[in-house]
Amino acid sequence: MSITKHTRSVLVYGGSWIVIAFILLVMKVVSIGRRRFSASFQLAFRLIKGIIFVAFVSILITLLALPLVSVRDIIVCILAFLPTG
């Protein structure tokens, strides 16, 4: 991948695990929030989910706009997390 500039440093792997843990944490918080606050705070919960989506899209666009990440890197990352049978 071009974002790592062909380095095999432990920091690259550690950074990827931090990103994975952060994504799993966000998914867990959304799941718990859906069960707890779905009836009483439905509007606020949908607003938070919308903010998370907009933040994700803006980060993706920023990474693609800067010369840090190529489209190939994004496709490789998506394929890495697709479930296989």
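Up top you'll find the structure we're talking about.
Residues numbered from 1 in each chain as written. Predicted model: local features only at pLDDT ≥ 70, side-chain atom pairs only at ≥ 80, totals over all residues. Heavy atoms only, no water.

1. With respect to the overall build of the protein chain
Condition: Only DSSP runs of H or I with at least four residues qualify as helices, and only runs of E with at least two residues qualify as strands; both kinds are numbered from the N terminus onward. When accessible area is computed with a 1.4 Å probe and restricted to protein chains, residues below 20% of their type maximum are described as buried, those above 50% as exposed, and intermediate ones as partly exposed. Accessible surface area values rest on a Shrake-Rupley calculation with a 1.4 Å probe, where residue burial reflects the displayed protein chains alone.
The number of helices and strands found in the protein chain is three helices and zero strands. The linear arrangement of helices and strands in the protein chain, starting from the amino end, is α-α-α. For the protein chain, the residues scored as buried account for 7% of the 85 residues in total. When the accessible surface of the protein chain is totalled, it reaches about 7,500 Å², and 76% of it is carbon and sulfur.

2. Some thoughts on a nonpolar patch on the surface
Put simply, the rule reads: Only residues whose relative accessible area exceeds 30% and that take part in no salt bridge are eligible for patches, with like-charged residues grouped when within 9 Å of each other and nonpolar side chains (Val, Leu, Ile, Met, Phe, Trp, Tyr) grouped when within 5 Å. The salt bridge criterion pairs a side-chain nitrogen of Lys or Arg with a carboxyl oxygen of Asp or Glu, the two atoms within 4 Å.
A contiguous nonpolar patch, built from Val19, Phe22, Ile23, Leu24, Leu25, Met27 and Val29 and spanning about 710 Å² of accessible area, is present on the exposed surface. Relative to the assigned elements, Val29 resides in helix α1 (residues 10–37). According to the relative accessible area criterion, Val29 is exposed, its value standing at 51%.

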